[in-house]
Structure formats: C-alpha cells, structure tokens
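The residues making up each chain are set out below.
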Amino acid sequence: MNSSDQWLEESEDNRKVYAQEGLILDVTESIWGVLEKRGWNKKTLADALGTSRAHVTQLLDGSRNMTLRTLSDIAFSLHMRVNVRLCDESATNAWEDAGPLTIIRQQSFGPLGDVQSITAANDWVSLSPAEGRKSA
C-alpha cells in the first residue's frame, strides 16, 4: 500500500477531500480541454464571461470555488451545457466510472466541427452534440 492509499484509509474526511479535489480536477480539466480544442485562452474565456483573466485563472486552477452557476455560465459561453449524473459508489470505482459530468456541445463548436464524442482521460467527462439548442 502506497502513502496515498494509506492517507485515504486514515479517515472519512480524507476520502471526502479526495473526492472533492477529484471532481474539481475533472471539471477544470474538461474546461481546459474544450478551451484547447477551440483555440481559446483564459483571456478569451474571461471576455466571454465578462470577468477578469485573474478570476478565470483562479477558477481553473482550483483556488476559487466554482459554483454550479459559474460552471453553467462557462458552458453557456462555450455554447455548451453541463449534464451531471450521480452514480452509486458501491457499484463501480468512482474514478473509473463512465461519467458523472458531461459537457455537451450545443450545435456548432467552432474548430471542432461536428463532434460526436470527446472523452477525458479518466472517462468522467465527455462532449457530445446537444439537441434542440441553437448556438449563438
């Protein structure tokens, strides 16, 4: 057992923090992936959100708590929407699950064209076409 596993076994609080940080990482990595595919940087996203680059930096490095409202605003500015799915922890390893968070493309996604599916490395986050919404 390595030191990370030992730390996780020490307490429920440690496992809770691990889950929180894992979700923060998954969300921010998903956003970074979309920005990269679009050719956007933090300044472009900040302009689309009507906020500062520093604020976007804090959101994406995990130092500022990202609310669901803020996540929705980010997705909206990217012409996407967020879908969240909770899964039973005992049914599968949460870190190998097929995706409690999905950011879905609305209609057009700029340089990506018609994307059917993009999945993050840990399979938590994926992009797929949204139905019934027009992009701006």
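Scroll up a little and you will see the structure.
Read on for a plain summary of the structure. Bear in mind that the values here come from a model prediction, so they are computed numbers and not experimental data. (Residues numbered from 1 in each chain as written. Predicted model: local features only at pLDDT ≥ 70, side-chain atom pairs only at ≥ 80, totals over all residues. Heavy atoms only, no water.)

Some remarks on the pattern of salt bridges
Part 1 of the reasoning: All chains considered together, the criterion is met by 2 salt bridges.
Part 2 of the reasoning: Residue glutamate 12 is joined to arginine 15 by a salt bridge in which the shortest nitrogen-to-oxygen separation is 2.9 Å. With glutamate 12 and arginine 15 both in helix H2 (residues 12–38) and 3 residues apart, this pair spans about one turn of that helix.
Part 3 of the reasoning: For arginine 15, a relative accessible area of 33% corresponds to the partly exposed category. (Salt bridge = Lys/Arg side-chain N within 4 Å of Asp/Glu carboxyl O. Helix = DSSP H or I, 4+ residues; strand = E, 2+ residues; numbered from the N terminus. Buried < 20%, exposed > 50% of the residue type's maximum accessible area, 1.4 Å probe, protein only.)

Here we look at the nonpolar core
Side chains of a nonpolar character, in soluble globular proteins, are inclined to be buried together.
Part 1 of the reasoning: Ranked by internal contacts, the top residues of the largest apolar core, which has 16 residues, are Ile31, Leu35, Leu45, Leu60, Met66, Ile74 and Leu78.
Part 2 of the reasoning: For this core, the element with the most residues is H2, which contributes 4 residues.
Part 3 of the reasoning: For leucine 60, the contacting residues outside a window of four places in its chain are Thr28, Ile31, Trp32, Leu35, Lys42 and Leu45. (Core = buried A, V, L, I, M, F, W, Y, C linked by side-chain atoms within 4.5 Å. Contact = heavy atoms within 4.5 Å.)

Looking at a nonpolar patch on the surface
Part 1 of the reasoning: Together, Trp7, Val17 and Tyr18 give the surface a local cluster of nonpolar side chains, amounting to about 260 Å² of exposed area.
Part 2 of the reasoning: By secondary structure assignment, the location of valine 17 is in helix H2.
Part 3 of the reasoning: Using a relative accessible area of 35% as the deciding quantity, one classes valine 17 as partly exposed. (Patch = residues over 30% accessible without salt bridge, like charges linked within 9 Å, V, L, I, M, F, W, Y side chains within 5 Å. Areas by Shrake-Rupley, 256 points an atom, 1.4 Å probe, with all protein chains shown as cover.)

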